[in-house]
Amino acid sequence: MLVTGAAKRIGQGIALEFARQGWDVAVHFGHSGHEARETVAQIEALGRRSVALKADLSVEAEVARLVPACAEAFGGLNCVVNCASRFDEDTATDFGYAKLLEMTAVNVAAPLTLTRMLHEITPEAARDDGTQRGVVINVLDQKLYNMNPDYLSYTLTKAALENATVALAQALGPKLRVVGLAPGLTLISAGQTPASFESAHRVTPLNRASTVDDVAQAACFLANAHGVTGTTLVVDGGQHLVPSPRDVMYMIGAQKP
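These numbers come from a predicted model, not from an experiment.

Asks: What should I look at first to understand the overall build of the chain in this one?
Replies: When its secondary structure is counted, the chain shows nine helices and seven strands. Its C-alpha atoms give the chain principal-axis dimensions of about 50 × 40 × 35 Å. Residue burial in the chain is summarised as follows: out of 257 residues, 49% are buried. Across the chain, the fraction of contacts at a sequence separation of at least 24, relative to all contacts at a separation of at least 6, is 74%. Total accessible area computed for the chain in this model is approximately 11500 Å², and 56% of it derives from carbon and sulfur atoms. Charge centroids of the chain, computed over 21 positive and 26 negative side chains, lie 1 Å from each other.

Asks: Would you explain unusual backbone geometry in this entry?
Replies: Peptide bonds are trans in most cases, and residues, glycine excluded, mostly fall at negative phi. Residues Gly173 and Pro174 are joined by a peptide bond in cis, for which omega reads 5°. Mapped onto the elements of the fold, Pro174 is located in the loop between helix H6 (152-172) and strand E6 (176-183). Phi is positive for Arg9, close to 55°, though the residue is something other than glycine. Along the polypeptide, Arg9 turns up in helix H1 (residues 9-20). Positive phi, normally seen in glycine, also occurs at Tyr151, with a value near 50°. Here Tyr151 shows up in the loop between strand E5 (134-139) and H6.

Asks: Explain the environment of Val40 here, please?
Replies: Note that Val40 resides in helix H2 (residues 33-45). Residue class for Val40 comes out buried when judged on its relative accessible area of 10%. If we ignore the near neighbours within four places in the chain, the residues touching Val40 are Val27, Ser50, Val51 and Ala52.

Asks: How do you make sense of the pattern of salt bridges when you look at a structure like this?
Replies: Oppositely charged side chains may form a pair once their charged atoms are brought near each other. Using the criterion set out here, one finds twelve salt bridges in the structure. The partner of Arg20 in a salt bridge is Glu17, with the nearest N and O atoms 3.0 Å apart. A residue pair is termed a helical-turn pair when its members lie 3 or 4 positions apart in one helix, as Arg20 and Glu17 do in helix H1 at three residues. Residue class for Glu17 comes out buried when judged on its relative accessible area of 12%. A salt bridge links Arg86 to Glu102; the shortest N-O distance between them is 3.5 Å. One end of the pair, Arg86, is in the loop between strand E4 (79-82) and helix H5 (97-121); the other, Glu102, is in helix H5, with 16 residues separating them in the sequence. You can call Arg86 partly exposed: its relative accessible area is 29%. The structure contains a network of salt bridges with shared partners spanning Asp24, Arg48 and Arg49.

Each value, and the rule that gives it
- Residues numbered from 1 in each chain as written.
- Predicted model: local features only at pLDDT ≥ 70, side-chain atom pairs only at ≥ 80, totals over all residues.
- Heavy atoms only, no water.
- Helix = DSSP H or I, 4+ residues; strand = E, 2+ residues; numbered from the N terminus.
- Buried < 20%, exposed > 50% of the residue type's maximum accessible area, 1.4 Å probe, protein only.
- Contact = heavy atoms within 4.5 Å.
- Areas by Shrake-Rupley, 256 points an atom, 1.4 Å probe, with all protein chains shown as cover.
- Lys, Arg positive; Asp, Glu negative; His and termini not counted.
- Charge placed at Lys NZ, Arg CZ, Asp CG, Glu CD.
- Salt bridge = Lys/Arg side-chain N within 4 Å of Asp/Glu carboxyl O.

Right under this line is the structure:
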């Protein structure tokens, strides 16, 4: 399997959990080569095969090399987790073409390309044998179900990927399943203090949003849920049920640059 953005943070957690559950894992990275190699070493320590693959997800030719590289390393490929994404700040009042197009390339075009290529190498037998089907898991965001106007271009790209999840599930079945996974607030981001993060993390019906383990375990469930396609699993402790007119980065008093 391949996890994009697997060198650190949520992507790393997903990669390690899949390895614990018996999967060989390709660790994609953009600039975090040292962290990627450390993640590979941890996967290998769990008794699974792993390889670190560098690619700039904004460059189509580099994205196109990932699936063949995984298939060569492992003798095949049947699962892609599109976890990597760009998360840049903009609003309706300072929006510009350049940022939106850059984020669309990484957050939408790269996952679509990887999905198409996985479909191409998935055997025809998968049409009749569900156990041979490929699966793509697109990591989205709970804010799609609790909309606010902040981080506009990021939000638009995640909304596009959510709709692409449905369209691709329709177009590429029965050889491929395509599903979404929408975490809530999971890890501290730049500008947050531990105290402000903890405060925001508790503003949910479960008194906690998502953890890395929550997201990773949900990804493994979706990879093995042979009857699930074209839908999104929200794993956020119910964060999307609590109305929030602003992004959490503003609601918790984080220090903005």
